[in-house]
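Residues per chain are reported as follows:
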Amino acid sequence: MSIKHPIIAITGSSGAGTTSVTRFFQNIFRRENINAEIIEGDSFHRYDRAEMKAKMDEMTATGDNHFSHFGPEANLLPELEELFREYGETGGGKRRYYVHDHEEAKRLGAEPGTFTPWEDLPEGSDLLFYEGLHGAVKTDKIDVASLVDLRIGVVPIINLEWIQKIHRDKAQRGYSTEAVMDTILRRMPDYINYICPQFSETHVNFQRVPTVDTSNPLISEDIPSADESFVVIRFADPHGIDFPYLMSMLHDSFMSRPNIIVCPGGKMGLAMQIIFTPMILQVMDRKRRRR
């Protein structure tokens, strides 16, 4: 682990809600006066938008219908591992940005769907915060997970994840339901082999479970709201977790297993602040004592 220069990683697949979770953490960093450098996983994709489309067409022509952003071949995982290693040791490293839309293009000075040039991280940050697909990934060649001090999974049940992705891609990208499902099917082998295993490497998982019928996600007219959901919070190591305190703070919560607390979906942000603020402060305290 990096201890001297801490690293926190939020990992989850596309449509899982990791971007919303990042906002919860930014609130914690702002309140606790922590200077966090935020790294988006998209910036470690190997190909820009046009290159990825061409590569997928190329792979499909060879009979490979499962080449996706979820797999190692489409990402710079050794470079991500090196960033985490270097940051943990020195507080430095190389980063770039992926430009998602025209609003980001104005701010970053590059075309949508492309990357900015690599640059050095600013000096003096308190910690590195990663949000993306591969924050706890392990393969036979790389081990990103071992370099992260606090690993967090954001994992809606799969029907809800599909509903969120279908609605987002149709609304924001103009895709048809069929086109989104083609993407989901293309990614499925990599989802099983590279995304799911990460949630066994995390310290805490947040899994949103709807309390409405999502049995056919292809016809869902809307995304189940937070108030129509529970959040299942699993701790890999429950020792030191004050479950009575958490249940007193999270009204209508309960424990389903010795290491799992379940709370109403609308309290997910509150739960994250209550759980992670002390964890982050502990990481920061260890950093100060190691100087």
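For the structure, check the block above.
Residues numbered from 1 in each chain as written. Predicted model: local features only at pLDDT ≥ 70, side-chain atom pairs only at ≥ 80, totals over all residues. Heavy atoms only, no water.

S.K.: Even after reading the chapter, I still don't get the environment of Phe115, so can you show me in this structure?
M.R.: For Phe115, the location among the structural elements is in the loop between helix H4 (102–108) and strand E4 (119–120). A sequence separation of 17 residues divides Phe115 from Tyr98, and the C-alpha atoms of the two residues are 4.5 Å apart. In this structure, Phe115 is in contact with Asp42, Ser43, His45, Arg46, Tyr47, Asp48, Arg96, Tyr97, Tyr98 and Ala110, ignoring residues within four places of it in sequence. (Helix = DSSP H or I, 4+ residues; strand = E, 2+ residues; numbered from the N terminus. Contact = heavy atoms within 4.5 Å.)

S.K.: When you look at the pairing of strand E10 (residues 260–264) in this model, what are you seeing that I'm missing?
M.R.: Here is the key point about a regular strand: its side chains alternate between the two faces of the sheet. The element E10 is extensively covered by neighbouring structure, given that 5 of its 5 residues are classed as buried. Bridge analysis of strand E8 (residues 229–235) against E10 gives 5 bridges, and the strand direction is antiparallel. Within the sheet, the bridge partner assigned to Arg234 lies in E10 and is Ile260. Where strand E9 (residues 254–257) and E10 come together, 3 bridges link them in antiparallel fashion. Bridged to Met255 within E10 is Ile261. Taking the residues between adjacent antiparallel strands as the criterion, E9 and E10 are bridged by 2 residues. (Buried < 20%, exposed > 50% of the residue type's maximum accessible area, 1.4 Å probe, protein only. Pairing = 2+ DSSP bridges.)

S.K.: So what exactly am I meant to see when it comes to the side chain of Thr277 here?
M.R.: Inspection of the secondary structure assignment puts Thr277 in helix H8 (residues 268–290). Take Thr277: its relative accessible area is 10%, and that puts it in the buried class. Of note is the side chain of Thr277, whose polar atom sits 2.7 Å from the backbone oxygen of Gln273. If we skip the residues at most four places from it in the chain, Thr277 touches Ile28, Arg31, Glu32 and Met272. (Polar contact = N/O pair within 3.5 Å; in protein donor to acceptor, adjacent residues only side chain to side chain.)

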